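# Observations on the three-dimensional arrangement
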Amino acid sequence: MKKFISIALIAIIARPSFSAQKEKFFHAYGALGEIYGPASVRFGTSEWEAGLLNRESIGFGSFTYKGNQYLIFGPMMNYNSSLGLFAGVGVEWTFFGFSSIRLEANTGHALDNFSSSEVHIGASIYW
């Protein structure tokens, strides 16, 4: 049974997806972070997302996909009203043609030398 579960997980991870290209209008994303608390709420269209990027920053980012792996990068503002940059890497798997699950590690660093990094697990819904 352990071998079957391991093979099934590898098959799910190895399956390519291009989630950003499958949507017709826009998508919504919500994620849990440390201690399973709400960490991110974003709305986007095509390869862009905007909203609460992690618990300490708001802004927007642009996706670059390669298979089911992605990079997100863009400007942000932290809660001290200091501008900065946001970046993250992750893996996304699509299900049923209208939803996906993401694992993401991200960081935001502002000009006031405040930075925050988080690991998220989240879900997206596509319209």
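Here, every reference points to the structure presented above.
Residues numbered from 1 in each chain as written. Predicted model: local features only at pLDDT ≥ 70, side-chain atom pairs only at ≥ 80, totals over all residues. Heavy atoms only, no water.

## Re the overall build of the protein
The helix and strand tally for the protein stands at two helices and eight strands. Mapped from its N terminus to its C terminus, the protein presents α and β elements in the order α-α-β-β-β-β-β-β-β-β. Evaluated residue by residue, the protein yields a buried proportion of 39% over its 127 residues. Across the protein, the fraction of contacts at a sequence separation of at least 24, relative to all contacts at a separation of at least 6, is 40%. When the accessible surface of the protein is summed, it comes to about 7600 Å², and 73% of that surface belongs to carbon and sulfur atoms. (Helix = DSSP H or I, 4+ residues; strand = E, 2+ residues; numbered from the N terminus. Buried < 20%, exposed > 50% of the residue type's maximum accessible area, 1.4 Å probe, protein only. Contact = heavy atoms within 4.5 Å. Areas by Shrake-Rupley, 256 points an atom, 1.4 Å probe, with all protein chains shown as cover.)

## Focus: the pairing of strand β7 (residues 99–110)
Strand direction decides the pairing type here: strand β6 (residues 83–95) and β7, joined by twelve bridges, are antiparallel. Within the sheet, the bridge partner assigned to V89 lies in β7 and is A105. In this antiparallel pair of consecutive strands, β6 and β7, the connection spans three residues, and F96 shows a positive phi of 60 degrees. Strand direction decides the pairing type here: β7 and strand β8 (residues 115–126), joined by eleven bridges, are antiparallel. Paired with A105 across the bridge in β8 is V119. Connecting the antiparallel pair β7 and β8 is a turn made up of four residues, with N113 showing a positive phi of about 70 degrees. (Pairing = 2+ DSSP bridges.)

## Some remarks on the nonpolar core
Counting eight residues, the largest nonpolar core is built from L53, F63, Y65, Y70, I72, M76, F86 and A110. Contributions of two or more residues to this core are made by β4 (57–66) and β5 (69–78). No other element matches β5, which puts three residues into this core. Aside from chain neighbours lying at most four places away, what touches M76 is L53, S57, I58, G59, S82, L83, G84, L85, F86, G108, H109 and A110. (Core = buried A, V, L, I, M, F, W, Y, C linked by side-chain atoms within 4.5 Å.)

## Some thoughts on the environment of S81
Topologically, S81 is positioned in the loop between β5 and β6. Each C-alpha atom of the pair S81 and L111 lies 9.8 Å from the other, and the pair is 30 residues apart in sequence.

## Topic: the pattern of salt bridges
Counted under the stated rule, the structure contains four salt bridges. Close ionic contact of R42 with E49 constitutes a salt bridge, the shortest N to O distance being 3.1 Å. Each of the two residues, R42 as well as E49, counts as buried. Salt-bridge contacts for E92 lead to R102; the nearest nitrogen and oxygen are separated by 3.5 Å. Pair noted here: E92 is in strand β6 and R102 is in strand β7, with a separation of ten residues, a long-range link. Classification of R102 by relative accessible area gives buried; the value is 1%. Through salt bridges that share partners, R42, E49, E92, R102 and E104 make up one connected network. (Salt bridge = Lys/Arg side-chain N within 4 Å of Asp/Glu carboxyl O.)

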